[in-house]
Amino acid sequence: MALSGPSIFSSYSIHRFNPLIFSRRSIGISVPHRKIKRFSQRFYAVAASENGVFVSPEIAKSFDFTSEERIYKWWESQGYFKPSFDRGGDPFVISMPPPNVTGSLHMGHAMFVTLEDIMVRYSRMRGRPTLWLPGTDHAGIATQMVVEKMLASEGIKRTDLSRDEFTARVWEWKEKYGGTITSQIRRLGASCDWTREHFTLDDQLSWAVVEAFLRLHEKGLIYQGSYMVNWSPKLQTAVSDLEVEYSEEQGTLYYIKYRVAGGSRNDYLTIATTRPETLFADTAVVVHPEDERYSMYIGRQAIVPMTFGRHVPIISDKYVDKEFGTGVLKISPGHDHNDYLLARKLGLPILNVMNKDGTLNDVAGLYCGMDRFEARKKLWADLEETGLAVKKEPHTLRVPRSQRGGEVIEPLVSKQWFVTMEPLAEKALHAVEKGELTIIPERFEKIYVHWLSNIKDWCISRQLWWGHRIPVWYISGKDCEEDYIVARNATEALEKARERYGKGVEIYQDPDVLDTWFSSSLWPFSTLGWPDMSRDDFKHFYPTTILETGHDILFFWVARMVMMGIEFTGSVPFSYIYLHGLIRDSQGRKMSKTLGNVIDPVDTIKDFGTDALRFTLALGTAGQDLNLSVERLTSNKAFTNKLWNAGKFVLQNLPNRTDSSSWEYILGFQFNTEKSLQELPLPECWVVSKLHKLVDNVTTSYEKFFFNDVAREIYEFFWGDFADWYIEASKTRLYHSEDRSIVSVAQAVLIYVFENVLKVLHPFMPFVTEGLWQALPYRKSALIVSPWPETSLPSDCKSIKNFENLQALTRGIRNARAEYSVEPAKRISATIVAGHEVLQYISAEKDVLVLLSRLDLQHVNFTEVPPEDASQSVHLVAGDGLEAFLPLADMVDITAEVNRLSKRLSKMQSEYDTLVARLRSPKFVEKAPEDVVRGVKEKAAEAEEKITLTKNRLDFLKSTVLVSE
């Protein structure tokens, strides 16, 4: 349960006070005057830790990272992650990109969890019914690979088992290990509704997948055919174009003679190829029609080497690049995507020389059964022996490799199932054009449009055992491409088959499964109940609000969800697409085990805490890669500690909770009107005004998804304004003031500002902010479900300007102290000079100026004219006609300082002369490396500047001595 206060306050939160109960007149309550020291209140510490979840800053020196899991379980047990309609408003809905069930947490996961949780926690505090729907993906290829590897360790091959036996083993593995990634996501603080968690192979989503296949097939958008696909010999399955990664690798360009049939020994064409083993599948040789070198051979036949005299036509086409290689192209349409398209255009036959395991088939003759790469070596050796090898030379290749298996992909013509994408893509393009869908950052819109405008049909079948089985049944003894049944299940398929072929018909299901991305493309609506659009969740939460993910899967997943959402529900599945960048190391390199630069999120959490990790990741800009370093994490861990220490200060300086009169007095202050703000002393008016501006700015940035701006502004306000300036200024009230009302004003401002900082920061750093919130008195509810701070509250620009003048004056005095090496404990005199109006507000805060500048309280004077000893003082100009004169003799022993600086100047001059001598030496300038010479020049310039400054200070000190004499 959230902590609550005595009954008199039970209906009111610190967020907004009832003016009828706590009016400004309550300031007149008589409170005995006493000197305020430090309030040591153990009551808060006890209250905060009553339930064993939270530990107060009063007890703990720093925030305990091990408490994060306790806090998370408490949130979940209270039902805070579920959407609430209590405060009305439009729902905010986000579907979690389902991580692979085989996965373990990496920084990419940490990034999406952080950003999505920021959105979710902000929307929840804004009062919107908020749903973050989690789940995992069955990851067909990845999971099958993991389980096959596990079986191999037991001496079992997948093919040793029946399909049902294998899938049973996969389900066993999933039940045992599949929860690893979700437990790690919880560790990051993901406040998603786990009661609605889905798995892409659960019953609801499987039903949606089958229904989607049937509907697309009924519209003629799914078809079966033999076409060129990316084949993974190791995985024994087709893979999507998007699952092929190209890497530049050093290879070889082979030059081979193709003799011209019927010609002399000198009649041959030299062909350059990177894959000589595919020549057995050649069906033509092509030259450019305007290439005069080969025009006499067009229309004749070429003899394919090592094929016992097989002839292919020599044809012409402008597709050939005359400048590449020899300008002659061999066409192997069964093993090259471009050759395949050209063959279909020209009506050439298609030959396949490759088995599905990457060995050559009987088309290769003597090379049949050899591995493709071994065959390449053997073939080249034989070509050299027969005189048909011309030469070979190094060549940089773009090698296609399987994203999952890593092996070289083999383009093969194979019978597969495809989705016709063009009509689906057209609707997805219109969604962006009509403004129904906004992509953040905007530059990715061009990439989205380009991909959809040039989209290819989608190969959706995979030759795996783990996944959604294709809902197609074939008739025994019939042609598979002509006679098949599409049905929701085997029973329905058999009924349809009997109607068509009679009761004695036998059927069998297609052995393939659907591409994992097919089920994922339905994720935003299948998880909400589709195809049953009458479900409450579907009616309440669809369309969703935003899809957040990495920009690298814009096409894998995001665009396909848009297409499927429009197709099956009639609306875009989300209004916004937010794309984050990749996480790189401190040098901007991609993280990899090979480089040894992988930063593990789980280890990072142990060392720095979840909040520091989240805050660091959130500082990235949408769509831009983020360089992650230990230095950044260390800095933000320090931020966590700073928050904790600020909370400790606030708690230690509040009245005892049982002191109801003091609390009524404190809680009587309001900060939501201009009048109430103007009645505050300058430091209090300044910090509250700055807070109100902060709330407005960060709320706007939250709404625009500018999370890096939010983080930066909160950090700067909390550390730069509240902690470094107001907390320090408040000590003059809390520790030195005899006026109880002044003390109460400071206490009211401290708690008001601090609680609102916790609120705006909570989406970024949920654990430490909730821990601090629970330690504060009179908490009506948990921070996670507390209302967002009120916006558009007044701020006093004049007070902000006035306090900035006080800050400038303080900084000037501090800098002068540092410049003259004044001991920190030493108090110095000062004369403050300004016009009447400025002096009025500066002198009113004399105690603050004295404390922050370490001045001598008895020797600080305020005047409109410079002092008589101005010539013997350090003169500071703070701005707005505000100046300060600091008697030099009060800061340093002038004679000793003159001696010290004279010695220092002599040493600096000697070093400078040495540098100048080097630069005047022709040998050095001509022979030394350019960067070394440049470095010496920079050092000389720096030394010269320091000498000038030191001379000026010496002159000033000497003139002061003369004046005093």
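Nothing here was measured: the structure is a model prediction, and the numbers come from that model.

## Remarks on the overall build of the protein chain
- Counting its regular elements, the protein chain contains 32 helices and 29 strands.
- For the protein chain, whose C-alpha radius of gyration is 38 Å, the value lies well above the compact-globule estimate of 30 Å for 965 residues.
- With the C-alpha coordinates aligned to their principal axes, the bounding extent of the protein chain is approximately 115 × 85 × 55 Å.
- Counted over contacts in the protein chain with a minimum sequence separation of 6, partners at least 24 positions apart contribute 77%.
- When the accessible surface of the protein chain is split by element, carbon and sulfur atoms take 49% of a total near 42300 Å².
- Both charge centroids of the protein chain, one from 115 positive and one from 126 negative side chains, sit 3 Å from each other.

## A closer look at the sheet that holds strand β26 (residues 828-833)
- One open sheet holds the four strands; their spatial order is β27-β26-β29-β28, and the pairing between them is mixed. Because the sheet does not close on itself, it has two edges, and the strands there are β27 (855-863) and β28 (873-879). Shown here is a sheet whose adjacent strand axes are inclined to one another by a mean of 20 degrees, direction ignored.
- Pairing analysis gives three bridges linking β26 to strand β29 (residues 882-887), with the strands arranged antiparallel. Each bridged residue has a counterpart across the sheet, and for I832 the counterpart in β29 is A884.
- Of the strands in this sheet, β26, β27, β28 and β29 are in contact with helix α26 (residues 797-819), which crosses β28 at around 150 degrees.
- The strands touched by helix α27 (residues 836-844) are β26, β27 and β29; relative to β27, the strand with the most contacts, the crossing angle is about 165 degrees.

## Thoughts on the sheet that holds strand β20 (residues 507-509)
- Strand order in the open sheet made by the three strands is β19-β18-β20, with antiparallel pairing throughout. Looking at which strands have only one partner, the edges of the open sheet turn out to be β19 (484-486) and β20. Direction aside, the axes of adjacent strands within the sheet are offset by 30 degrees on average.
- Alignment of strand β18 (residues 472-475) against β19, held across three bridges, turns out to be antiparallel. Its bridge partner being in β19, Y474 is matched across the sheet by Y484.
- Contacting β18, β19 and β20, helix α12 (residues 490-501) runs over the sheet at an angle of about 135 degrees to β19.

## Quick word on the pairing of strand β23 (residues 576-580)
- For β23, the tally of buried residues reaches four of five residues, placing the bulk of the element in the interior.
- Sheet analysis places strand β15 (residues 438-440) next to β23, joined by three bridges and oriented parallel. What sits directly across from I440, in β23, is Y578.
- Of the pairings in the sheet, the one linking strand β22 (residues 546-550) to β23 comprises five bridges and is parallel in character. Looking at β23, one finds that G550 is bridged to H580.
- Regarding the hand of the β-α-β motif, the stretch spanning β22, helix α16 (residues 554-569) and β23 is right-handed.

## Some points on the packing of aromatic side chains
- Summed over the entire model, instances satisfying the criterion amount to 53 aromatic pairs.
- Relative to Y367, the ring of F280 lies with its centre 5.3 Å away and its plane at 40 degrees, an arrangement referred to as tilted. Of this pair, F280 sits in the loop between β8 (268-273) and β9 (284-287) while Y367 sits in the loop between α8 (337-346) and α9 (372-386); the two residues are 87 residues apart in sequence, bridging distant segments of the chain.
- On the basis of relative accessible area, F280 is assigned to the buried category, the value being 2%.
- The aromatic ring of Y246 is capped on one face by R398, whose charged end is 4.4 Å from the ring centroid.
- The residue whose ring lies beneath R560 is W458, and the NZ or CZ to ring-centre distance is 4.0 Å.

## A short note on the packing of helix α4 (residues 140-153) against helix α5 (residues 163-177)
- α5 packs onto α4 with a crossing angle of 100 degrees between their chain directions and a minimal axis gap of 10 Å. Relative to α5, the element α4 is oriented roughly perpendicular. From α4, T143, Q144, V146, V147, E148, M150 and L151 reach across to α5, where they touch F166, R169, V170 and W173.
- Looking at the contact of α4 with α5 residue by residue, the class counts come to seven nonpolar, two polar and two charged.

## Re the side chain of D339
- Position of D339 among the secondary structure elements: in helix α8.
- Although D339 is buried, it forms no salt bridge, and the closest oppositely charged side chain is K330 at an N-O distance of 5.9 Å.
- When sequence neighbours within four positions are dropped, the list of residues in contact with D339 reads L329, K330, I331, S332 and P333.

Rules used throughout
Residues numbered from 1 in each chain as written. Predicted model: local features only at pLDDT ≥ 70, side-chain atom pairs only at ≥ 80, totals over all residues. Heavy atoms only, no water. Helix = DSSP H or I, 4+ residues; strand = E, 2+ residues; numbered from the N terminus. Rg over C-alpha atoms; globule rule 2.2 N^0.38 Å. Contact = heavy atoms within 4.5 Å. Areas by Shrake-Rupley, 256 points an atom, 1.4 Å probe, with all protein chains shown as cover. Lys, Arg positive; Asp, Glu negative; His and termini not counted. Charge placed at Lys NZ, Arg CZ, Asp CG, Glu CD. Pairing = 2+ DSSP bridges. Axes fitted to C-alpha atoms, helices over the stretch in contact; angles between N-to-C directions. Buried < 20%, exposed > 50% of the residue type's maximum accessible area, 1.4 Å probe, protein only. Right-handed = clockwise from strand over helix to strand, strands pointing away. Phe/Tyr/Trp six-rings, centres within 6.5 Å; stacked < 30°, edge-to-face > 60°. Lys NZ or Arg CZ within 6 Å of the ring centre and 35° of its normal. Parallel < 35°, antiparallel > 145°, perpendicular 65-115°, else oblique. Nonpolar A, V, L, I, M, F, W, Y, C, P; charged D, E, K, R; others polar. Salt bridge = Lys/Arg side-chain N within 4 Å of Asp/Glu carboxyl O.

On their own, these measurements won't tell you what the molecule is for.
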